[in-house]
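Spelled out, the chains give:
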Amino acid sequence: MTKRFIGDILMFILWMPFFASSIDTFVDFTFIGNKVTQLTWLVSIGCSIFVFIQKSSPIVIKQTFVLAMWLSLYGVIHLIFGQNINTGDRVVPTSEYLVGIVSSMFPLFFIYYFSYKGYITEDTIRKWSVLFIITVIFSYFNSIREMRYISDLERYTNNIGYVFLRSLPFLFFWYRKPVLQYVIFILYGLFIINSLKRGPILIWLILFIIYAYNNLKTIKKQKYSTRLILYALPVFVLSASIYYINNELINNEGLMNRLNATIEGNDSGRTEIYSTILKIFCSDSNLFQIIFGHGADSTLSFLNIHAHNDWLELLMNQGFIGVVLYLFYYIAIFKQIRKTNNPLARKLLFNIFIIILLTSIFSMSYMAYDSSIHIIMGYGIYRSCVSTKRSIG
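Since the model is a prediction, treat every value here as computed from it, not as a measurement.

### Here we look at a nonpolar patch on the surface
- Residues Leu73, Val76, Ile77, Leu79, Ile80 and Phe81 make up a contiguous nonpolar surface patch of roughly 580 Å² in combined accessible area.
- Residue class for Phe81 comes out exposed when judged on its relative accessible area of 68%.

Okay, structure coming up:
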C-alpha cells in the first residue's frame, strides 16, 4: 500500500466517529464509530509515548503530553476510587472524566506521528477537509431537527457553534484559493451566528477581522482580478452583515434576548459559578488540596455543574499545579508559533491558539477537542518544525 492510501485510511478513521456523532440516531453506525475511536485512542497513547521520548520532538508536543498524562492520572484515580455523581439531571459515571481526557487530547499525537512519518500530508488533509466541512454543516441541521422534538422554541442556542469554530482553520489548507477562503469564512459565520452562542460569535468575529486585515496586507501578491474581489469582499461582508442584522436577526427573538441579556450583565449564571469556586479555593486551608486540587469532576461534586471556564475547572480539580501546567501548554503553543517560519503552520496554529484559548475562558476547551482540532493542531505542529523557503501562505 502506498503512503497516500494509508493516509486516506487514517483520515477516514478520524472522520468516521466524527460523522457518527453527527448522526447519533443511527445506533449501528455510532457503535462502529465508537469501536474505531477506542482503537484510535490506544494507538494515540502509543504514539504519544513514542514522540515524547524522542529528543527531536518540539517542546509543545512534550508539554501537551505532560498535561494530558497529568489529567489522565486524575481520571484513573477517579475511576478506581471515585463514585458516580448525581447532578440532578443525570448520573455521571466515574469513567467519563478519563474517557473525555483520552478522547480529547491524545489523538493529536496520532496526527503528529503519522504526519512526521509522511502518511498524512497537506494534500491529504486538504482533500478530507471538504468532507469535514460538509459533516459539520450536516451536523448543524441534524441538531436543529433533534432539538425541535424536545422543544417548542423556534430559536434556541446550539453548541454546534463551537464545532464550526474548531473546524474553521481547515480553510487555510486552501491558500491558493483566497476567494474560496472568504466564502468558507462567511458561510461559517452565518451558521455560528444562528447558533446563538455568544462565545463562538465573538471568537469568529475576532478571527475574521484578523483574517481580513492580513489578507489586505498581502493583497498585492495576487492577480489584478483577484485583488478586486478581495478588496470588495470585506465591504460586501460588512454590508451583508448590516442587512442581515436589520432584516433577519432583529426579528430573531432568541438572539435579541441573549444580546439584551449580555448588555444587562446576564451571563447565564457564570458569575455565581465563578465566585463560588473562588470562595471554595480561597477558604480552603488544606495545602494539599490547594496545590493538587479536589480531584476529577470535583466541580460536579460541589456545584452539580462544570465551571464553564477551563482555568477555574482546573483550579478546582487539579489545583495550582493543574493551572500552571495548562498555562505552560499555551505558552508552548505560542512559542511554537513565534519560532516557525512556515506560513501555513503559523496560520493553523495561530487560529487554533485563539480558538482554544478564548473558548477556555467562555466555556470548556481541553475536554472538547474533536477530530478537527487533532488534525489541524497535530499537522500544524509537525509542519511548524519543517523549515521552508517556499511561500505557501
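### Brief notes about the pattern of salt bridges
- For the structure on display, the rule yields 6 salt bridges.
- For the salt bridge of Lys127 with Asp8, the shortest nitrogen-to-oxygen distance reads 3.1 Å. In this pair, Lys127 sits in helix H6 (residues 122-150) while Asp8 sits in helix H1 (residues 3-20), placing the two residues 119 residues apart along the sequence.
- The class for Asp8 is buried, based on a relative accessible area of 19%.
- Ionic pairing is found between Asp370 and Arg166, a salt bridge with its closest N-O pair at 3.1 Å. With Asp370 in the loop between helix H17 (343-362) and helix H18 (371-384) and Arg166 in helix H7 (residues 160-167), this residue pair connects regions lying 204 residues apart in the sequence.
- On the basis of relative accessibility, which here comes to 12%, the residue Arg166 falls in the buried class.
- One connected set of salt bridges, linked through shared partners, spans Glu122, Asp123, Arg126 and Arg383.

### Description of the packing of helix H8 (residues 178-194) against helix H9 (residues 198-217)
- For the pair H8 and H9, interaxial distance at closest approach is 10 Å and the crossing angle is 165 degrees. As far as their axial angle goes, H9 and H8 are roughly antiparallel. Crossing of H8 over H9 shows left-handed handedness. Each of Pro178, Gln181, Tyr182, Phe185, Tyr188, Gly189, Ile192 and Ile193 in H8 lies in contact with H9, whose residues at this interface are Pro200, Ile201, Trp204, Leu207, Phe208, Tyr211, Ala212 and Asn215.
- Here the contact of H8 with H9 is composed, by residue class, of 13 nonpolar, 3 polar and no charged.

About the thresholds
Residues numbered from 1 in each chain as written. Predicted model: local features only at pLDDT ≥ 70, side-chain atom pairs only at ≥ 80, totals over all residues. Heavy atoms only, no water. Patch = residues over 30% accessible without salt bridge, like charges linked within 9 Å, V, L, I, M, F, W, Y side chains within 5 Å. Areas by Shrake-Rupley, 256 points an atom, 1.4 Å probe, with all protein chains shown as cover. Salt bridge = Lys/Arg side-chain N within 4 Å of Asp/Glu carboxyl O. Buried < 20%, exposed > 50% of the residue type's maximum accessible area, 1.4 Å probe, protein only. Helix = DSSP H or I, 4+ residues; strand = E, 2+ residues; numbered from the N terminus. Axes fitted to C-alpha atoms, helices over the stretch in contact; angles between N-to-C directions. Parallel < 35°, antiparallel > 145°, perpendicular 65-115°, else oblique. Left-handed = near helix turned anticlockwise from the far one by under 90°. Contact = heavy atoms within 4.5 Å. Nonpolar A, V, L, I, M, F, W, Y, C, P; charged D, E, K, R; others polar.

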